[in-house]
Amino acid sequence: MTSTGTGISVIGSLSPSRAGDFMTCPLLYRFRVIDRIPERPSPAAVRGTLVHAVLERLFDLPAAQRTPETARGLLDPQWERLLAEEPELACLFEDAEDGDREEWLAQAHTMLERYFTLEDPRRLEPADRELFVETVLSSGLKLRGYIDRVDVAPAGELRIVDYKTGSAPRADFEARALFQMKFYALVLWRLRGRVPSLLQLMYLGNGEVLRYVPDEADLRATERKVEALWQAIRRAMDSGDWRPRPGRLCDWCDHQVRCPEFGGTPPPLPRGPVEAGEPEVVPATRDVSVDL
């Protein structure tokens, strides 16, 4: 347990990704946070990382150069940079059929082209990109994460923008998709004292945009939900009961071999005191949305 400059002792930390893991499946949260079992990077996740990298570099350029042609030209250099930083990514296509890598890159090209149908980056000057934010609630729970983009209007209104390389969810899954954005909005509100005016999810998989206007009541409700999630995580820690929650996302899970729902056996829990908060590391690849 650590202490902040405000005198509040930090009891743990949570990001929207790991909160989403626990809501999806407590056992998945355990495998990722408690056991810290490495996962193989998936082509979809790595493609998401690549597309995000291109969009980030695009805004490094003068406004007039932020064109579809420039974005296409950034794709291969950014892929080479990722390979140089993480050589293990080369294994993605070792057992793939001929043409799989080309199709994978072609899909990334398509996503970038689709981005330009949703907004004109030449007319934007983001205040922040890949912004790391964190705040500590009065309970001592630290909330943190990386925001793709924050736009600030001349009058000070904040817009939080997140790029998704999957497709927009069905209407009955929109609340789940917005949880991540409300989480970020809560952190920014606590940090800057202003409720963001707009939350915007841009789905590059099918070209849809999901917009939501939050208010203070929304963010207080999100804070209560996050606190309740943390209490549920602590109960699982104390009891050692990390139950699997089977669902459609099991089809993409890297842990089926050790999941009881698929005939597997989880490894023994680590001995001694274990911190349920997240490790101070940034994942190599991004979370991606999956069609449900």
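Model, not experiment: these values are computed from the prediction.

Moving on, we come to the packing of aromatic side chains. A full pass over the atoms with the stated rule returns nine aromatic pairs. On the basis of an interplanar angle of 85° and a centroid distance of 6.4 Å, the ring pair of Phe22 and Trp242 is categorised as edge-to-face. With a gap of 220 residues between them, Phe22 in helix 1 (residues 16-24) and Trp242 in the segment after helix 7 (216-239) connect regions that are remote in the sequence. On the basis of an interplanar angle of 70° and a centroid distance of 6.2 Å, the ring pair of Phe179 and Phe183 is categorised as edge-to-face. One end of the pair is Phe179 and the other is Phe183, both in helix 6 (residues 174-192) and four residues apart, which spans about a single turn. Per residue, the accessibility class of Phe179 equals that of Phe183, and both read buried. The ring of Trp189 is capped by Arg190, whose NZ or CZ atom sits 4.3 Å from the centre of that ring.

Of all 12 residues making up strand 5 (residues 141-152), 10 are buried, and the element is well covered by its neighbours. Pairing between strand 3 (residues 12-14) and strand 5: three bridges, direction parallel. Note on strand 5: the bridge partner recorded for Gly12 is Leu141. Across four bridges, strand 5 lies against strand 6 (residues 158-164) in antiparallel orientation. Counted as the bridge partner of Val152 is Leu158 from strand 6. Hairpin connection from strand 5 to strand 6: five residues lie between these consecutive antiparallel strands, with Gly156 at a positive phi of about 100°.

Cut-offs applied
Throughout this document, residue positions are counted from 1 along each chain, in the order its sequence is written. In keeping with the predicted nature of the model, local features appear solely for residues at pLDDT of at least 70, side-chain atom pairs appear and are counted solely at 80 or more, and the whole-chain, interface and lining totals rest on all residues. Calculation of side-chain values draws on the structure's entire complement of heavy atoms; hydrogens and water are dropped beforehand. Only Phe, Tyr and Trp rings take part, Trp by its six-membered ring, and two of them pair if their centres are within 6.5 Å. Stacked means planes under 30 degrees apart, edge-to-face means over 60, and tilted covers everything else. Every helix listed is a DSSP run of H or I at least four residues long, and every strand listed is a run of E at least two residues long, numbered separately from the N terminus. For every residue, the accessible area (1.4 Å probe, protein chains only) is compared with the maximum for its type, and the residue is labelled buried under 20%, exposed over 50%, or partly exposed between those bounds. A ring is considered to have a charge above it if a Lys NZ or an Arg CZ atom is located within 6 Å of its centre and within 35 degrees of its normal. Whether two strands pair depends on DSSP finding at least two bridges between them.

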